[in-house]
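Geometric and topological summary
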Amino acid sequence: MKIVEAKGVTKRFMGAKVLDDVTLDIKIGEQIAMMGPNGAGKTTLVRAILGFYHLDGGRIRVDGYNPVKERVKVLEKISFIPQLPPPVKLSVSELLTFVQRSTGARKERIISQAEAMELDIEKHVEKPFFKLSGGMKQKLLIAIALARRSRLLVFDEPTANLDPKAREQFYGLLESLDYEHASIFITHRLEEVEGLVNRKIYMDLGKVVEDERI
Ligand SMILES: Nc1ncnc2c1ncn2[C@@H]1O[C@H](COP(=O)(O)OP(=O)(O)OP(=O)(O)O)[C@@H](O)[C@H]1O
Ligand SMILES: [Mg+2]
């Protein structure tokens, strides 16, 4: 089953083509490493899949929905861990309540996923999210993403702030996901995700230059 269909996707920023005629389907069961040099368009492509941008050409569907016009439907399907954590002012406790209300992901599940990466949420519930350390933010965002049990998981360099042990724990959690889903890992370190992925996509200059199923 296709979860993402992108056809001829083109996006310009200030005249420059950042995505140049990208055509790509993603099926449930695919675990994808997305690679390519800085500025290749990787983050822009996943943000387009999430409906952040009006396209200059082509179309994207997520489970049949238009990410711009049917954003709520699309965001229900996707868990996204951004490259840089958002500057959330809510306390950790408020954030968990908000996530539970808006996505149905149970707080207890988020807490147990975080525990598996040695983040003791109970100790930090009163803190505003933005005052957590970089790695703690990342762990909490990962725990939320995994607790949502989304059909599509998108990780934009998720391990950049994690210590080596937390990285291992994160990959362990991914391996233990027990439901049908697809994932995109944007990464500069293929060796880290190599054991997890069955497809590799390379982007350069806004184009998919290699797409290999393994
Ligand atoms: N909102 C924006 N306005 C203007 N230019 C943008 C915007 N977002 C991205 N770009 C430009 O688009 C190009 C691709 O950026 P993108 O963030 O998609 O690259 P990337 O492949 O994710 O790179 P990295 O590996 O550094 O994260 C860059 O030249 C960037 O400056
Ligand atoms: Mg990026």
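Heads up: these notes are all about the structure in this document. What you see is a predicted model; the values in this text were computed from it and never measured.

**Remarks on the nonpolar core**
I110, I121, L140, L146, F155, F170 and L174 are the most contacted members of the largest nonpolar core, which has 41 residues in total. Take this core: its biggest share by element is 9 residues, from helix α5 (residues 134-147). Not counting residues within four places of it along the chain, the set of residues in contact with L174 comprises L146, F155, F185 and L196. Counting residues in hydrophobic clusters, the runner-up holds 29 residues, among them A40, V46, L50 and A182.

**A closer look at the coordination of the magnesium ion (ligand 2)**
On the protein side, the magnesium ion (ligand 2) has T43 (OG1) and Q83 (OE1) as donor atoms, found 2.0 to 2.5 Å from it. Here T43, found in helix α1 (residues 42-49), pairs with Q83, found in the loop between β5 (78-81) and α3 (92-103); they are 40 residues apart in sequence, far enough to count as distant.

**Points about the pattern of salt bridges**
The tally for this structure, following the rule as stated, stands at 14 salt bridges. In this structure, R199 engages D211 in a salt bridge whose closest nitrogen and oxygen atoms are separated by 2.7 Å. One end of the pair, R199, is in strand β8 (residues 199-204); the other, D211, is in strand β9 (residues 207-213), and 12 residues separate them in sequence. D211 gets classed as partly exposed once you look at its relative accessible area, which sits at 38%. Salt bridges linked by common partners bring E30, R199, D211 and R213 together as one network.

**Some words on the site of ligand 1**
Surrounding ligand 1, one finds 14 residues, the nearest of these being G39, G41, K42, T43 and T44. Separating an oxygen atom of ligand 1 from a backbone N or O atom of A40 is a distance of 3.1 Å. Separating an oxygen atom of ligand 1 from a side-chain N or O atom of K42 is a distance of 2.7 Å. The protein chains hide 64% of the 640 Å² of surface that ligand 1 would expose on its own.

**Re the sheet that holds strand β6 (residues 152-156)**
Read from one edge to the other, the open sheet built from 6 strands follows the order β5-β6-β7-β3-β8-β9, with strand pairing classed as mixed. The open sheet terminates on both sides in strands that have one partner only, identified here as β5 and β9. If you compare each strand with its neighbour and ignore which way they point, the axes differ by 15 degrees on average. Judged from the 4 bridges that link them, strand β3 (residues 31-35) and β8 form a sheet pairing that is parallel. Bridge pairing in β8 places M34 opposite I201. Along the sheet, α1 makes contact with β3, β5, β6, β7 (182-186) and β8, crossing β7 at roughly 150 degrees. Strands β5 and β6 of the sheet are contacted by α5, whose axis makes an angle of about 170 degrees with β5.

**Describing the packing of helix α4 (residues 107-115) against α5**
Running from N to C, α4 and α5 cross one another at 130 degrees; their axes reach a closest spacing of 8 Å. On the basis of their axis angle, the class for α4 and α5 is oblique. Judged by the twist between their axes, the crossing of α4 over α5 is right-handed. From α4, R109, I110, Q113 and A114 reach across to α5, where they touch L140, A143, I144, L146 and A147.

What counts as what
Residues numbered from 1 in each chain as written. Chains lettered and ligands numbered in written order. Predicted model: local features only at pLDDT ≥ 70, side-chain atom pairs only at ≥ 80, totals over all residues. Heavy atoms only, no water. Core = buried A, V, L, I, M, F, W, Y, C linked by side-chain atoms within 4.5 Å. Buried < 20%, exposed > 50% of the residue type's maximum accessible area, 1.4 Å probe, protein only. Helix = DSSP H or I, 4+ residues; strand = E, 2+ residues; numbered from the N terminus. Contact = heavy atoms within 4.5 Å. Donors = N, O, S within 2.8 Å, 3.2 Å for Na, K, Ca; no water. Salt bridge = Lys/Arg side-chain N within 4 Å of Asp/Glu carboxyl O. Near = heavy atom within 4 Å. Polar contact = N/O pair within 3.5 Å; in protein donor to acceptor, adjacent residues only side chain to side chain. Areas by Shrake-Rupley, 256 points an atom, 1.4 Å probe, with all protein chains shown as cover. Pairing = 2+ DSSP bridges. Axes fitted to C-alpha atoms, helices over the stretch in contact; angles between N-to-C directions. Parallel < 35°, antiparallel > 145°, perpendicular 65-115°, else oblique. Left-handed = near helix turned anticlockwise from the far one by under 90°.

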